[in-house]
Amino acid sequence: MSMRGYQASAVRRVQVLIVDDSAVVRQTLTEALNADPGIEVLCAVADPILAMERMKTRWPEVIVLDVEMPRMDGLTFLRKIMSERPTPVVICSTLTEAGAATTLEALAAGAVSIVTKPKLGLRRFIEDASADLASAVKAASLANVNRLRPAARPDPALGVAPKLTADAVLAPHGPRALQQTTERIVAIGTSTGGTQALEQVLTRLPRVSPGIAVVQHMPEKFTAAFASRLNSLCEIEVREAKHGDRLLPGQALIAPGGKHMMLKRSGAYYYMEVVDGPLVNRHRPSVDVLFRSVAKCAGANALGVIMTGMGDDGARGLREMREAGASTIAQDEASCVVFGMPKEAIRMGGAQRVQPLHELPRALLEFSAGKRFEG
């Protein structure tokens, strides 16, 4: 065997099972994923019954799953998998408001992430988004499946656009420190595994809590449903942010999918700007954009928290927050689904503390009560 052939055979390939009732989707997803040298599609089947038969002989590392299928819906199949043999699952969902609620149920049941597909122009869309699909599958393969169980109650792909920083949306903050106000705020950034992690944090906060601004990497049309679901579970008010919203105590504002969200200040009050702009770290909304705006407008009045997620979005922003006098926390590796974002923030020196997920609600309340973090 030639050295080139040996190197090719030595590449570890993530083994994938596709479950979708559309033959066009199955064929197109298979072609798109097999084009990546790090992925191998084991098979593509039309429904979960067939999937379970195939999985008796060979279990995949990642499942790409539609949620609306005949014979057994994807949500029932997902719950069965996560209860019997937890496996990373990427939901392939139609980009509609109607499908958003079901998809969010899937995330709550243990799915890793969402890949959206349009009703029309599917083949062209998937071909254009093949790098994102491959990244989602690779990120899922690295997930800590023990953290994917429902709660009791990516390597950058080749050939994609240049990775922009927060400079593309917001200039870096200057050296002048802001005067403190009595109002403290919290900024949270998260991605893969974040829907479950945010639920565990926000549902444990009392009504008397600091205002919270959240960036969760999620497609447009899904964030409103996600915020509504959290609002039904939490004592605090949770909703999707709108341009000009005040950030008030007892409230969490979720950045809309497809938009950047930035903190602004008017006197002693904070409010949110929701704007268009280029992808930053290949995301919109971007955690770095939110964190940089908080560094500029809130400084020592703010607490930054970076949680589970693939990649490095938010790592630089958390460091900027710390340099501006803010308190900062990174979620620890053991409690993360994917340790990418917190790991990079720690490596860059942005985190004063590294804490497990279950300790984060108390840390938020201690900060709100006036406690300053050391370091």
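Look up a bit, the structure's there.
Residues numbered from 1 in each chain as written. Predicted model: local features only at pLDDT ≥ 70, side-chain atom pairs only at ≥ 80, totals over all residues. Heavy atoms only, no water.

*Asks:* Residues and numbers for the environment of M82, please.
*Replies:* Considering the arrangement of structural elements, one finds M82 in helix α4 (residues 74-84). On the basis of relative accessible area, M82 is assigned to the buried category, the value being 2%. (Helix = DSSP H or I, 4+ residues; strand = E, 2+ residues; numbered from the N terminus. Buried < 20%, exposed > 50% of the residue type's maximum accessible area, 1.4 Å probe, protein only.)

*Asks:* Help me get a handle on empty space enclosed by the protein, residues and values and all.
*Replies:* Quantified by volume, the largest cavity comes out at close to 60 Å³. Around the largest cavity, the lining residues are R147, G193, Q196, A197, Q200, T308, Q331, S335, C336, V337 and L357. The element that contributes the greatest number of residues to the lining of the largest cavity is helix α8 (residues 194-202), accounting for three residues. The residue makeup of the lining of the largest cavity, split by class, is four nonpolar, six polar and one charged. Within this model, the second largest cavity holds a volume of roughly 50 Å³. (1 Å grid on protein atoms, 1.4 Å probe; cavity = no way out; pocket = protein on both sides within 12 Å on 5 of 7 lines; lining within 4 Å. Points joined across faces, edges and corners; volume = space filled by probe spheres on them. Nonpolar A, V, L, I, M, F, W, Y, C, P; charged D, E, K, R; others polar.)

*Asks:* Would you mind going over α4 in detail, with residue names and values included?
*Replies:* All of the buried residues along α4 are G74, L75, F77, L78, I81 and M82. Along the axis of α4, the buried residues cluster in a sector spanning 160°; they form a single face. In this structure, α4 carries S83 and E84 as exposed residues pointing more than 90 degrees from its buried face. Put simply, D73 is the residue that caps the front of α4, since its side-chain oxygen is 3.0 Å from the backbone nitrogen of L75. (Arc of directions from axis to C-beta. Polar contact = N/O pair within 3.5 Å; in protein donor to acceptor, adjacent residues only side chain to side chain.)

*Asks:* Lay out helix α2 (residues 23-34) with the relevant residues and their values.
*Replies:* If you check α2, its first and last C-alpha atoms are 16 Å apart, about what 12 residues at 1.5 Å a residue would give, namely 16 Å. Among all positions in α2, only V25, R26, T28, L29, A32 and L33 are buried. (Expected span 1.5 Å × (residues − 1).)

Honestly, it's all geometry; don't read function into it.
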